[in-house]
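One letter stands for each residue in the lines below.
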Amino acid sequence: MPVSQVLKYLETDEVQVTHYGLGFRGAAALAEGLRLNRCIRILRLGDNAVGGEGVEALAEALAESKVVEELDLSENKVGNAGCKALARILGPESGCQLS
């Protein structure tokens with residue numbers, strides 16, 4: 001699925017893009033859109049081969065946006081780098097709303 005198709009959904013409160021093989025490049029492009037997002041509360045990205053680098057890009061964007069409350073990254077092999085990136089934005093000082 002082209003990221004342009006995903007970005008058009010950024011005006012809804014829930015985005016479900018599972019099993020599309022976004023990969024790192026797709027996740028990075030999506031992250032850019034999320035930086036400006038003020039609508040999405042639930043983001044489901046299961047099984048997209050996002051990987052650690054993709055999660056890092058998403059985490060940076062989510063830390064800036066602070067709007068997303070629920071994130072599904074199941075079946076993405078986020079690895080240590082992705083877990084660390086998520087841990088940084090979920091810390092008590094972050095102000096992040098993710099659950």
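Residues numbered from 1 in each chain as written. Predicted model: local features only at pLDDT ≥ 70, side-chain atom pairs only at ≥ 80, totals over all residues. Heavy atoms only, no water.

**Let's talk about the packing of helix H2 (residues 23-35) against helix H3 (residues 51-65)**
Two elements in contact, H2 and H3, have axes separated by 8 Å at closest approach and are oriented at 5 degrees. Considering the angle they form, H2 stands roughly parallel to H3. The segment H2 lies against H3, with Phe24, Ala27, Ala28, Leu30, Ala31, Leu34 and Arg35 engaging Glu53, Gly54, Ala57, Leu58, Glu60, Ala61, Leu62, Glu64 and Ser65. Taken together, the residues that form the contact of H2 with H3 break down as 10 nonpolar, 2 polar and 4 charged. (Axes fitted to C-alpha atoms, helices over the stretch in contact; angles between N-to-C directions. Helix = DSSP H or I, 4+ residues; strand = E, 2+ residues; numbered from the N terminus. Parallel < 35°, antiparallel > 145°, perpendicular 65-115°, else oblique. Contact = heavy atoms within 4.5 Å. Nonpolar A, V, L, I, M, F, W, Y, C, P; charged D, E, K, R; others polar.)

**Remarks on the sheet that holds strand S2 (residues 42-44)**
Overall, parallel pairing links the 3 strands, which are arranged S1-S2-S3 in an open sheet. Only two strands of the sheet have a single neighbouring strand rather than two, namely strand S1 (14-16) and strand S3 (70-72). Geometrically, the sheet is characterised by an average inter-axis angle of 0 degrees between neighbouring strands, direction not taken into account. Of the strand pairs in this sheet, S2 and S3 are connected by 3 bridges, and their pairing is parallel. Considered in S3, the bridge of Arg44 is made with Asp72. (Pairing = 2+ DSSP bridges.)

**Quick look at helix H4 (residues 79-89)**
Here H4 has its buried residues at Gly82, Ala85, Leu86 and Ile89. The buried residues of H4 all sit within an arc of 95 degrees when viewed along its axis, so they share a single face. Turned more than 90 degrees from where H4 packs its buried face, Asn80, Lys84 and Arg88 sit exposed. In this fold, the buried residues of H4 make contact with H3 and S3. (Buried < 20%, exposed > 50% of the residue type's maximum accessible area, 1.4 Å probe, protein only. Arc of directions from axis to C-beta.)

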